[in-house]
Amino acid sequence: MSDVTELGVAAIRDGVAKGEFTAVEVAQGFNANVAAAQIALNAFIVATPEAALGAAQKVDEARAAGQPLGKMAGVPIGMKDLFATKGVQTTAASHILEGFTPQYESSVSQKLWDAGAGMLGKLNLDQFAMGSSNETSYFGNVISPWKRKDGGNAAMAPGGSSGGSSAAVAARLCPAATGTDTGGSIRQPAAFTGISGIKPTYGRCSRWGIVAFASSLDQAGPMARDVRDCAIMLEVMSGFDPKDSTSLDLPVPAWEAALSGDMRGKKVGIPREYRVDGLDGDVAKSWDQGIAWLKDAGAEIVDISLPHTKYALPAYYIIAPAEASSNLARYDGVRYGLRDLPDGAGLQDMYAATRSAGFGAEVKRRILIGTYVLSAGYYDAYYTQAQKVRTLIARDFDEAFRLCDVILAPTTPTASFGLGEMVSDPLAMYLNDVFAVPASLAGLPAMSVPAGLNREGLPLGLQIIGKAFDEQGVLNAGLAIESRAGFTAKPERWW
Amino acid sequence: MSTYRIQGATGEWEVVIGLEVHAQITSNAKLFSGASTTFGAEPNSQVSLVDAAMPGMLPVLNGECIRQAVRTGLAIDASINKWSRFDRKNYFYADLPQGYQISQLYHPLVGEGHIDISLDDKNPEADVKRIGVERIHVEQDAGKLMHDQHPTMSYVDLNRSGVALMEIVSKPDMRSPAEAGAYVRKLRSILRYVGSCDGNMEEGSMRADVNVSVRKVGDELGTRTETKNVNSVRFVMATIEYEANRQVDVLESGGTIAQETRLFDPDTGTTRSMRSKEDAHDYRYFPDPDLLPLVLDDAFVEAARASLPELPDAKRHRYENALGLSPYAAGVLTAEVETARWFETLLTSTAKAAGKGESDVAKQASNWLISEFFGALNRVGKSLDNSPISADAAAELLALITDGTISGSIAKQVLEKMLETGDRAGTIVTREGLKQTSDTDAIDAVIAKILTDNADKVEQYKGGKEALFGFFVGQTMKAMQGKANPGVVNELLKKALG
Amino acid sequence: MSVDTATVAKIAALARIKLTEAEVAGMVPELNGILAWVEQLGEVDVTGVEPMTAVIANTLRLREDVVNADPLTGGGMRDAVLANAPAAEHGFFGVPKVIE
Ligand SMILES: [Mg+2]
Ligand SMILES: [Zn+2]
């Protein structure tokens, strides 16, 4: 038997179903990879090998008993540590939630377990999903398995906030992982590590049980090695949840079954505003390559305009911190998590001490911005204005989608960077998400697929943005690119 | 309306009062979670993961709470905003697990309406004042802190956390403690009629934030203070009384009123500044991103309207106009929904038992209820809610009077016996032989003896002292142990006295 | 608009995040950098534009008024609710004594 850890979701699912290998063998293989990489990559906050084995055993037993198998039967996955997992520490990579053991399971993770997936562990991330390089985790940086081919040995950023997820999938520690995307946190790390990831339409995946960052933007989604695996996993993760008021009450389409890379009759929009001054040459080149591939797949290319693109990032950096400042108010040392009670402290002193000790610098920075923009006298100038601009950004997309079916753009303005290279400049770091944020603000499905390597040997991603509810169109365009890109590069194992 | 004035050293001061009443919406489950709202449960036993603000928990709106708030709005003639939404009010406190209260600031569910109050119990139709209601919004209640169970800790119970409240905000239209008291009583009455709040002030189902300012008559509005969570009508009035006088004292001695939150102390009848809440004034309201706009269609509003019962003012008018009751009686009978309900059952049963129309027996039933039954219940320490006598049983008693089986005075005895034993009126009358007699021979015999025994009085009567007639009636009734038919006695006495 | 140390100290207090004077001082230029950057939104003509109220046009669903219909959002789970509490006593959450 070849190495099962080289297989993706579909291959494992099918192999287990056919009896080519057992689910337990798969779990054991990935458990071993997780353990071997932990010190070098720090992708997991907690590994749960027994959980993976337990789920695998159940699948093997079910198969032996001739019972029907779930859509992800036998597939072990990594769970971003933003999803509450019953009985397993859930931290959002923060000190304030260190040791927190949920008494409940998030809706999305529950669906995955119900479909026969198993949990390899809880994946590291940027603290409270705030970051683009996975350098804000209380549990240390995640190290990308990729290296520059310059001969240097700089530790590279796996992207963020789903940096544990991207690193783990790229390094074959798991065939797939959950991610969450608030302003690019699935797509940007997927692009940085040469994997695929899709953020579905806002409301497709229940937010119930996912530690909230910015409620109007947060969406869960899969990160995996290819488009088909994303489709399979998204089908499992999606679906109406009456416990989430923003959950879409729509049936989940059979995305995997309808996958097709044939783009004939489809129009692909190229937003001129994304061709920003000083766009990285390799990124521009890969974008042009993507256009050529989609043309080759039969698509018609159309020029479109998204005039308010430039304002998306500033609007995001008002709305997301504002919502976060309120969402994170519950971490107060009363009901769970860290409590810092200095001698003689009263209740309010306890709050301030607990939150000061429990939140990292980036989290504090965003809470302060959010608090400021909502505070008396500033609310309209900042928050209301940002929400109006958001309306205009969504309108831009509506207009554009009169002319095209999907939009093609780079996922990120650059490839991965070295850890520590950006941390001193929050604004420069925020710019990582400049291409990802507009779709988030409009709640649209968007995915990143690997397009190739830059001159440093680092992966670049292409982003496809679709109409609301049209994940199929996004996945299909992704497949068209994937099958032409022939991206087989993987990080050389150094860990 | 009365003109209530504070007599200060520098002249007369007028008091301006607005009330924000928090009324717990009657519902089985909480506003945004499925936990129960039952009062008095074990601490933290009615708390969901949502109410405890566990990471990743989300609110889902209870439709019944919205329906009840809409019904309440319609009951006070308010506009219903078919597009409303929920906002977060952010502040840190141990009774507020999320770190924010979900409330409605920018787009409340219910807009402007009004409540008519009267200060004249004798004639509620007279001296009516209309108090404006600014808005009703729906929001979550907070948990409860207990401070006296541990030397260095306060204890937090989240059972109330997330219970649905309506905040009913009046305009600053009240000018005296009496008006404020009448407003709260009337509002409570309407809520109980509608069934949207049980009005139980002891259990905290209704409490008022009392906004008070004073000004010289004709001046601009003064700075107000807000006294929080006052939980009885009496305390609302006491708060205003105290606050108004305190503010006049401060102003007349050259001070200024701080716009602040205060607390009423029922033991001393005074208010004091609540410093613990003072730094929390920047609430950073913004639309709750976990919730979408609440959009109601016409059908929802019309169904809510159709489900409204007859409300106290309409009922009072009907009692006066269709049943011929006095404004006073109509007012007394309609002030509380239980009283009206009880009265209406009594009325229907009495009319049926007596074979008459409801309007024919309404006065009798109303008089008996107000002047006999309330007193009797009071003597045994009961009220209509827990009355040992059902309206049906009372109707049987009234029917016995109407059909001449017993006299009014015997009925009083029967009522006492009913309260004592719980037996039906008919049973008691038969058992104790209380049936009144119209047997003219027996009555004539008694009369003859009384006239003989009181020959002097008979002389005086015949000499023109006609007032003595009542004396003879009384003596006869007494001798007959109250069981003689008063009409027959009258007739026979007149004959006997010539 | 830009912030000074007093404003940063004030919003930190409002957000219940204890900062040292040095941290406040360090935060001033950072926040000002971000605020100056987001203020470019002021250039956008938003005349007649409504602020976004729902990302995907949708309105609230109303839940039935049923107690514990879904155990995940119902009550009657005191142990689960208290399981992670730093100080739980006699079925309550404990906090430093509050003087009201
Ligand atoms: Mg108030
Ligand atoms: Zn309120």
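Notes on the structure in this doc start here. (Residues numbered from 1 in each chain as written. Chains lettered and ligands numbered in written order. Predicted model: local features only at pLDDT ≥ 70, side-chain atom pairs only at ≥ 80, totals over all residues. Heavy atoms only, no water.)

### Description of the overall build of chain C
Rules: Numbering of helices and strands starts at the N terminus; helices are DSSP runs of H or I of at least 4 residues and strands are runs of E of at least 2. It is over C-alpha atoms that the radius of gyration is taken, and the globule rule equals 2.2 Å times the number of residues to the power 0.38. Burial status follows relative accessibility: with a 1.4 Å probe on protein chains alone, a residue under 20% of its type maximum counts as buried, one over 50% as exposed, and anything between as partly exposed. For this analysis, residues touch if any pair of their heavy atoms sits within 4.5 Å.
Broken down by element type, chain C carries 3 helices and 2 strands. Along its sequence from the N terminus, chain C presents helices and strands in the succession α-α-α-β-β. Taking 13 Å as the expected radius of gyration for a compact globule of 100 residues, we find that chain C reaches 23 Å, considerably beyond that expectation. Each principal axis of the C-alpha atoms in chain C carries an extent, and together these give about 50 × 45 × 25 Å. Looking at chain C residue by residue over its 100 residues, the buried ones come to 47%. Summarising the internal contacts of chain C: among those between residues at least 6 apart in sequence, 26% fall at separations of at least 24.

### Remarks on the coordination of the magnesium ion (ligand 1)
All names here are of chain B. Inclusion rule: Atoms of type N, O and S within 2.8 Å of a metal are treated as its donors, and for Na, K and Ca the window is 3.2 Å; water is not considered, so some sites may appear to be missing partners.
Looking at the metal site, the magnesium ion (ligand 1) is ligated by Glu20 (OE), Asp209 (OD) and Glu226 (OE), spaced 2.1 to 2.5 Å from it. Ordering the donors of the magnesium ion (ligand 1) by residue number gives the pattern E-x188-D-x16-E. Between the two metal centres, the magnesium ion (ligand 1) and the zinc ion (ligand 2), the spacing is 5.1 Å. Here aspartate 209 lies in strand E11 (residues 206-216) and glutamate 20 lies in strand E2 (residues 11-24), a separation of 189 residues in the sequence. Look at aspartate 209 and you get buried, because its relative accessible area is 2%.

### Some thoughts on the coordination of the zinc ion (ligand 2)
All names here are of chain B. Around the zinc ion (ligand 2), the donor atoms from the protein are His22 (NE2), Glu139 (OE) and Glu167 (OE), and they sit 1.9 to 2.1 Å away. Read from N- to C-terminus, the donor residues coordinating the zinc ion (ligand 2) fall into the pattern H-x116-E-x27-E. Looking at glutamate 139, the relative accessible area reads 2%, which means it is buried.

### Some remarks on the sheet that holds strand E8 (residues 144-146) of chain B
Sheet strands pair via backbone hydrogen bonds, and the direction of the pair is either parallel or antiparallel. Basically, it comes down to this: By the convention used here, strands pair only if DSSP detects at least 2 bridges between them.
Pairing within the open sheet is antiparallel, and its 4 strands lie in the order E8(B)-E9(B)-E2(C)-E1(C). Either end of the sheet is taken by a strand with one partner, and the two such strands are E8 of chain B together with strand E1 (88-89) of chain C.

### Details of the pattern of salt bridges
Residues and elements named next belong to chain B. Stated precisely, the cut-off is as follows: Whenever a carboxyl oxygen of Asp or Glu lies within 4 Å of a side-chain nitrogen of Lys or Arg, that contact is scored as a salt bridge.
Inspection of the entire model under this criterion finds 64 salt bridges over all chains. As a salt-bridge pair, aspartate 116 and arginine 130 come within 2.8 Å of each other at their nearest N and O atoms. Taken as a pair, aspartate 116 in strand E6 (residues 113-118) and arginine 130 in strand E7 (residues 128-140) lie far apart in primary sequence, 14 residues in all. Residue arginine 316 is joined to glutamate 320 by a salt bridge in which the shortest nitrogen-to-oxygen separation is 3.8 Å. Residue arginine 316 and its partner glutamate 320 are both found in helix H5 (residues 312-321); the two are separated by 4 residues, about one turn of the helix.

### Details of the interface of chain A and chain C
Which entries qualify depends on this criterion: Buried area counts how much accessible surface, traced with a 1.4 Å probe, disappears from two parts once they are put together, with both parts' losses summed. Each polar contact in these results corresponds to two N or O atoms within 3.5 Å; when the atoms are within protein, one needs to be able to donate a hydrogen and the other to accept it, and residues that are neighboring in sequence are counted only if both atoms are side-chain atoms.
Listed as interface residues are 73 residues of chain A and, on the opposing side, 52 residues of chain C. Both sides of the chain A and chain C interface together cover about 5,100 Å² of buried area, and 72% of this is carbon and sulfur. Across the contact surface, chain A and chain C share 2 salt bridges. Two residues, arginine 365 of chain A and glutamate 30 of chain C, come together in a salt bridge whose shortest N-O distance is 2.6 Å. Connecting chain A to chain C are 18 residue pairs in polar contact (both at pLDDT 80 or more). In terms of residue count, the dominant contributor to the side of chain A that touches chain C is helix H12 (residues 379-400) of chain A (13 residues).

### Considerations on the packing of helix H11 (residues 361-374) of chain A against helix H2 (residues 21-38) of chain C
Put simply, the rule reads: Here an angle of 0 to 180 degrees is reported between the N-to-C directions of two axes, which are lines fitted to C-alpha atoms, with helices fitted over the stretch in contact. Just so you know how the angles are binned, under 35 degrees is roughly parallel, over 145 roughly antiparallel, 65 to 115 roughly perpendicular, and the rest oblique. Working rule for handedness: look at the near helix, and if it is turned counterclockwise from the far one by less than a right angle, call the crossing left-handed; if clockwise, right-handed. Each residue gets one of three labels, nonpolar for Ala, Val, Leu, Ile, Met, Phe, Trp, Tyr, Cys and Pro, charged for Asp, Glu, Lys and Arg, and polar for the others, Gly among them.
The geometry of H11 of chain A relative to H2 of chain C is characterised by a closest axis approach of 11 Å and an angle of 60° between their N-to-C directions. The angle between the axes of H11 of chain A and H2 of chain C places the two elements in the oblique class. Along this stretch, H11 of chain A crosses H2 of chain C, giving a crossing that reads as right-handed. Contact residues: H11 of chain A offers Arg365, Leu368, Ile369, Tyr372 and Val373 of chain A, while H2 of chain C offers Met27, Glu30, Leu31, Ile34 and Leu35 of chain C. A breakdown of the residues in the contact of H11 of chain A with H2 of chain C according to their chemical character gives 8 nonpolar, no polar and 2 charged.

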